[in-house]
Amino acid sequence: MKERTSTSAVLDAMDEETKYLTPIFGSEASDAQMPRTQMNDEPVEPRIAYEMIKEYLSIEGNATQNLTTFCQTYMEPMATRIMSEVMEKNAIDKDEYPMTADLENRCVAMIADLWHADPDEEPMGTSTVGSSEACMLGGLGMLFRWKKLAKDAGVDIYTSQRPNLVISSGYQVCWEKFCRYWDIEMRLVPLEKDHLSLNMDTVMDYVDDHTIGITAILGITYTGKYDDVKKLDELVEAYNQEHPKLPIRIHVDGASGSMVAPFVDPDLEWDFRLKNVWSINTSGHKYGLVYPGIGWVIWRGKEALPEDLIFWVSYLGGEEATMAINFSRSASQIVGQYYVLMRNGFEGFREIHLRTLDVARYLAEELKGMGIFDIYEDASNIPIVCWGLKDDANVEWSLYDLSDRLRMSGWLVPAYPMPANLQDVVVQRVVARQDFSMQLAIKLVEDVKKEIDTLSKARFVTGNTQGVINTGFNHGGRSAVDKGDEVQTQAKTAQK
Ligand SMILES: *Cc1c(COP(=O)(O)O)cnc(C)c1O
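In this text the structure is predicted, and so the values were computed from the model without any measurement.

### Side note on the overall build of the chain
Inference 1: If you tally the helices and strands in the chain, you get 13 helices and 13 strands.
Inference 2: Counting every position in the chain, which comprises 496 residues, the buried fraction comes to 54%.
Inference 3: Within the chain, contacts between residues at least 6 apart in sequence are counted, and of these 71% link residues at least 24 apart.
Inference 4: Carbon and sulfur atoms make up 52% of the accessible area of the chain, which amounts to about 23100 Å² in all.

### A closer look at a nonpolar patch on the surface
Inference 1: A contiguous nonpolar patch, built from Met 34, Ile 53, Tyr 56 and Leu 57 and spanning about 400 Å² of accessible area, is present on the exposed surface.
Inference 2: Topologically, Leu 57 is positioned in helix H3 (residues 46-58).
Inference 3: Judged by its relative accessible area of 46%, Leu 57 is partly exposed.

### Quick look at the UniProt feature "modified residue: N6-(pyridoxal phosphate)lysine" (unreviewed entry) in the chain
Inference 1: UniProt records the feature "modified residue: N6-(pyridoxal phosphate)lysine" (unreviewed entry) for Lys 286 in the present numbering.
Inference 2: Positionally, Lys 286 belongs in the loop between strand S6 (277-283) and strand S7 (295-299).
Inference 3: Classification of Lys 286 as buried rests on a relative accessible area of 9%.

### What to know about the packing of helix H5 (residues 98-114) against helix H10 (residues 332-369)
Inference 1: With their axes 9 Å apart at the nearest point, H5 and H10 run at an angle of 50 degrees to one another. Compared by their axis directions, H5 and H10 come out oblique. Where H5 crosses over H10, the two elements pack in a sense that is left-handed. Contacts from Leu 103, Glu 104, Arg 106, Cys 107, Met 110 and Leu 114 in H5 reach Ile 334, Gln 337, Tyr 338, Leu 341 and Phe 346 in H10.

### Side note on unusual backbone geometry
Inference 1: For the bond running from Pro 292 to Gly 293, omega is 0 degrees, close enough to zero to count as cis.
Inference 2: Assignment of secondary structure puts Gly 293 in the loop between S6 and S7.
Inference 3: Although it is not a glycine, His 116 sits at a positive phi angle of roughly 60 degrees.
Inference 4: On the secondary structure map, His 116 appears in the loop between H5 and strand S1 (124-128).
Inference 5: Despite not being glycine, Glu 122 has its phi angle at roughly 55 degrees, a positive value.
Inference 6: Inspection of the secondary structure assignment puts Glu 122 in the loop between H5 and S1.
Inference 7: A relative accessible area of 42% means that Glu 122 is categorised as partly exposed.

### Focus on the site of the ligand
Inference 1: In the vicinity of the ligand, 14 residues are found, and the nearest of them are Ser 131, Ser 132, Asp 253, His 285 and Lys 286.
Inference 2: The contact in question runs from an oxygen atom of the ligand to an N or O atom on the side chain of Ser 283, over 2.8 Å.
Inference 3: Within the side chain of His 285, a nitrogen or oxygen atom sits 2.7 Å from an oxygen atom of the ligand.
Inference 4: Residues belonging to the shell around the ligand are distributed by class as follows: 3 nonpolar, 8 polar and 3 charged.

### Let's talk about empty space enclosed by the protein
Inference 1: Tallied over the full model, the rule gives 2 cavities of 30 Å³ or more.
Inference 2: Secondary structure elements with two or more residues in the lining of the second largest cavity: helix H6 (131-152) and strand S4 (211-217).
Inference 3: Residue contributions to the lining of the second largest cavity peak at 4 residues, all from H6.

### Notes on the side chain of Gln 172
Inference 1: The topology assignment puts Gln 172 in the loop between strand S2 (164-168) and helix H7 (173-181).
Inference 2: On the basis of relative accessible area, Gln 172 is assigned to the buried category, the value being 15%.
Inference 3: Here Cys 174 takes part through its backbone nitrogen, which lies 2.8 Å from a polar atom of the side chain of Gln 172.

### Describing the packing of aromatic side chains
Inference 1: In this structure the tally under the stated criterion is 7 aromatic pairs.
Inference 2: Consider the rings of Phe 263 and Phe 346, whose centres lie 5.1 Å apart with planes at 50 degrees: the pair is tilted. Of this pair, Phe 263 sits in helix H9 (residues 261-264) while Phe 346 sits in helix H10, placing them 83 residues apart in sequence.
Inference 3: Note on Phe 346: relative accessible area 39%, which makes it partly exposed.
Inference 4: Considering the side-chain rings of Phe 263 and Phe 349, the 4.7 Å spacing of their centres and the 15 degrees angle between planes classify their relative orientation as stacked. With Phe 263 in helix H9 and Phe 349 in helix H10, this residue pair connects regions lying 86 residues apart in the sequence.

### Some thoughts on the nonpolar core
Inference 1: Residues Val 203, Ile 214, Val 229, Leu 232, Phe 373, Phe 436 and Leu 444 are the most contacted members of the largest nonpolar core, which totals 89 residues.
Inference 2: The dominant element in this core, judged by the number of residues it contributes, is H10, at 13 residues.
Inference 3: What Leu 444 contacts, discounting residues up to four positions off in sequence, is Leu 67, Leu 363, Leu 406, Trp 411, Val 413, Val 430 and Phe 436.
Inference 4: Counting residues in each nonpolar core, the second largest holds 44 residues, with Met 136, Leu 143, Ala 304 and Met 323 among its members.

The rules behind each value
- Residues numbered from 1 in each chain as written.
- Predicted model: local features only at pLDDT ≥ 70, side-chain atom pairs only at ≥ 80, totals over all residues.
- Heavy atoms only, no water.
- Helix = DSSP H or I, 4+ residues; strand = E, 2+ residues; numbered from the N terminus.
- Buried < 20%, exposed > 50% of the residue type's maximum accessible area, 1.4 Å probe, protein only.
- Contact = heavy atoms within 4.5 Å.
- Areas by Shrake-Rupley, 256 points an atom, 1.4 Å probe, with all protein chains shown as cover.
- Patch = residues over 30% accessible without salt bridge, like charges linked within 9 Å, V, L, I, M, F, W, Y side chains within 5 Å.
- Salt bridge = Lys/Arg side-chain N within 4 Å of Asp/Glu carboxyl O.
- UniProt positions renumbered as here; feature names shortened; annotations may be inferred.
- Axes fitted to C-alpha atoms, helices over the stretch in contact; angles between N-to-C directions.
- Parallel < 35°, antiparallel > 145°, perpendicular 65-115°, else oblique.
- Left-handed = near helix turned anticlockwise from the far one by under 90°.
- Near = heavy atom within 4 Å.
- Polar contact = N/O pair within 3.5 Å; in protein donor to acceptor, adjacent residues only side chain to side chain.
- Nonpolar A, V, L, I, M, F, W, Y, C, P; charged D, E, K, R; others polar.
- 1 Å grid on protein atoms, 1.4 Å probe; cavity = no way out; pocket = protein on both sides within 12 Å on 5 of 7 lines; lining within 4 Å.
- Points joined across faces, edges and corners; volume = space filled by probe spheres on them.
- Phe/Tyr/Trp six-rings, centres within 6.5 Å; stacked < 30°, edge-to-face > 60°.
- Core = buried A, V, L, I, M, F, W, Y, C linked by side-chain atoms within 4.5 Å.

What follows is the structure in structure tokens.
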């Protein structure tokens, strides 16, 4: 066995007062190694452990300047206070914590209402850890429904072709996981330069008797564009008229957009107002304004949610339906979601999102004005700005170089290739969030101009054309499903 690091041996030698008065970074204990592969034998004083860990983490970057992620990097003090005060409650213990369970049910009801679910259809839903779990559940709902319908319709579901899911190639990696885990063929409708969202001219060509459903994306991760769910619903409705035994339904992956559109674009029809939209998910921790991790999935009614997905747990002497995959987790995020819904109200959400959109649109305008960028997304839907270098930009550096340079001022603005069929197009993206203020946007624009100037004057360009830069913020990690697939690997930077 390796020799373990002992910190308290040092402390034992001191008297109590010395121990207490010793400055933290002057203490011998703070010289001790932070355990790496093996626990220390002895305990460490809490304030020393606290400072050492905090210091260690402090150098990885500033969350506000992380313009890579959709995930919230700000909550107000009263929100974090209530969240930290309920951390010990286990959200799954509905019988023990019925008031917490009640708040979760209220969140489901409020979100279902935002998405225009009809109470008469008895919408159901649940909180999840994030959209990944929510998409998994939405996908399983489609799979189980299809199995039953296909069997009844006499389709051979076991020996002929595998079931398939139709989705655009701009999907988030959770759908690849869903398809891999459940042995489902992923039918990708390619994104193209003039179709940067689900292609309505071709999508129905991908559908057959083995299609479990179509996933529409409200806020494609790469570009922020919305799929045209209303048009899709019309196409699906026409198909369903011809195929009454095996109708197709739509799941909307609204990880980002489902908590933006209802507030800033209330007339846009993408939700349960459309007949064939049967389930929707969102990430509470994206534009739902809560720290990670919380997500939501809602089915439009009883008929949309297969019985096989429901488990019953005891609750207030009766039974309560649960459908989440995870069992135990803290109630903090659920309470946090309830807090922001209550605290902001509809108007508050709208104001926050409109202001964030303003900032993103300012950034888009400024980038456009620089003359060398094609703006692929100018925050027309969600507060995302996405741009590429013009073909005739006539510069010797790449967006990867610009991304590298911006890191020197602390900005994390990723550059990455677009998905399959469009890999040649390299883009850079900024996700604006509520804590990205106009002041910061102005500073970012100044820094972009400065770095472009530096790069243009440089005699030797760094020549980073490899794409992925691993950072402390790269919480996408290397997904289990992208091994050996270069496009996916490079694209993972976008999979936030
Ligand atoms: C972020 C995202 C996901 C995954 O969401 P998590 O909440 O991070 O699990 C799924 N789909 C889309 C479109 C996303 O943007």
